[in-house]
Amino acid sequence: MKFLLKSKLFIVLLLTVLILIAMGVTAKKTDSLKWVESAGNVIVTPFQAFFTFCENSTSNFLSNFANAELLNKKNKKLQAEIDKLKNKNRELTQFETENKELRDMLNLKDQFFNFDTIGANLISIDLGNWFNVFTIDRGSRDKIKINSSVITSQGVVGKVIKNMPFSSKVESIIDSESSISAIISKSMDYVIVKGDINLESQGLCRMNQIPIDLDLSVGDTVETSGIGGIFPKGLLIGTVKEIVKGNSELERYAIIKPAVDFRRLQEVFVLISKK
């Protein structure tokens, strides 16, 4: 009996010692594993960080590229819409201009009821930047005659100096050969408006025979007088741009800026007397 008790006690003690030894060994192995794991982490962590950075950078680049491509498509679409709106705006502006010209033309017809009004297009010009002499696509078959008045809704252009069956040549008021009897609108004083060889390259003309007692100012308007049988009375010629004084009042003259832009002429109207 005692032997059995001693045996059992021995076995319990042996098992206890073995368990303690096993626990000690396990604890030492865990510390070693932790050290190895820590060392591994020190080596591996920079590589992991590098690969993570590369992955994030690549992902960001692809994302930005996709966004840029999307924005580029949107910009192209918006630009196409802007171009379309610009074209519509140009068309509307052109329509407004044409409507204004038609309204002005109707007013001219009412004003000059003794004349037939024939529209014409410019088809050629003489050498130079200004339309001092040019050709229109209307001629004798359209009842256009030499000395017929040529105008736009803005004012006087010139007169026909040569007519052919299908075209006519027009001399504008800025041409050095041109001369028109005119009046100052505010005072009704008579003057002469002539083309000048030194001014025609600037699209300007000259006013001579200014009365001594005429109080002339820059900005005064000049109209056709109706004298001479070519231009009807009351057509706008232009405005006084500059007054040049000579040695005496008799020598002064004025530079006239025509109401018509002689660089941008495209269409004109020819007045044909009904008489």
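See above for the structure.
Just so we're clear, the structure is a prediction, and the values are computed from it rather than from any experiment.

### A look at the overall build of the protein
In step 1: Scanning the protein from terminus to terminus reveals one helix and twelve strands.
In step 2: Taken from the N to the C terminus, the helices and strands of the protein come in the order α-β-β-β-β-β-β-β-β-β-β-β-β.
In step 3: Each of the 275 residues in the protein was classed as buried or not, and the buried ones make up 29%.
In step 4: At a minimum sequence separation of 6, the contacts of the protein that also span at least 24 residues come to 56%.

### Concerning the sheet that holds strand E11 (residues 253-258)
In step 1: Taken in spatial order, the six strands line up as E6-E7-E8-E11-E10-E9 and close into a barrel, and their pairing is antiparallel. The average angle at which neighbouring strand axes cross in this sheet is 40°, direction not considered.
In step 2: In the sheet, strand E9 (residues 221-224) pairs with strand E10 (residues 236-244) via three bridges, with the strands oriented antiparallel. Paired with Glu223 across the two strands is Leu236, which belongs to E10.

### Things to note about the pairing of strand E1 (residues 115-125)
Regular strands place their side chains on alternate faces of the sheet.
In step 1: In the sheet, E1 pairs with strand E12 (residues 267-273) via seven bridges, with the strands oriented antiparallel. Bridge pairing in E12 places Ile118 opposite Val270.
In step 2: Pairing of E1 with strand E2 (residues 133-136) involves three bridges; the strand directions are antiparallel. For Leu122, the partnering residue across the bridge sits in E2 and is Ile136.

Cut-offs applied
- Residues numbered from 1 in each chain as written.
- Predicted model: local features only at pLDDT ≥ 70, side-chain atom pairs only at ≥ 80, totals over all residues.
- Heavy atoms only, no water.
- Helix = DSSP H or I, 4+ residues; strand = E, 2+ residues; numbered from the N terminus.
- Buried < 20%, exposed > 50% of the residue type's maximum accessible area, 1.4 Å probe, protein only.
- Contact = heavy atoms within 4.5 Å.
- Pairing = 2+ DSSP bridges.
- Axes fitted to C-alpha atoms, helices over the stretch in contact; angles between N-to-C directions.

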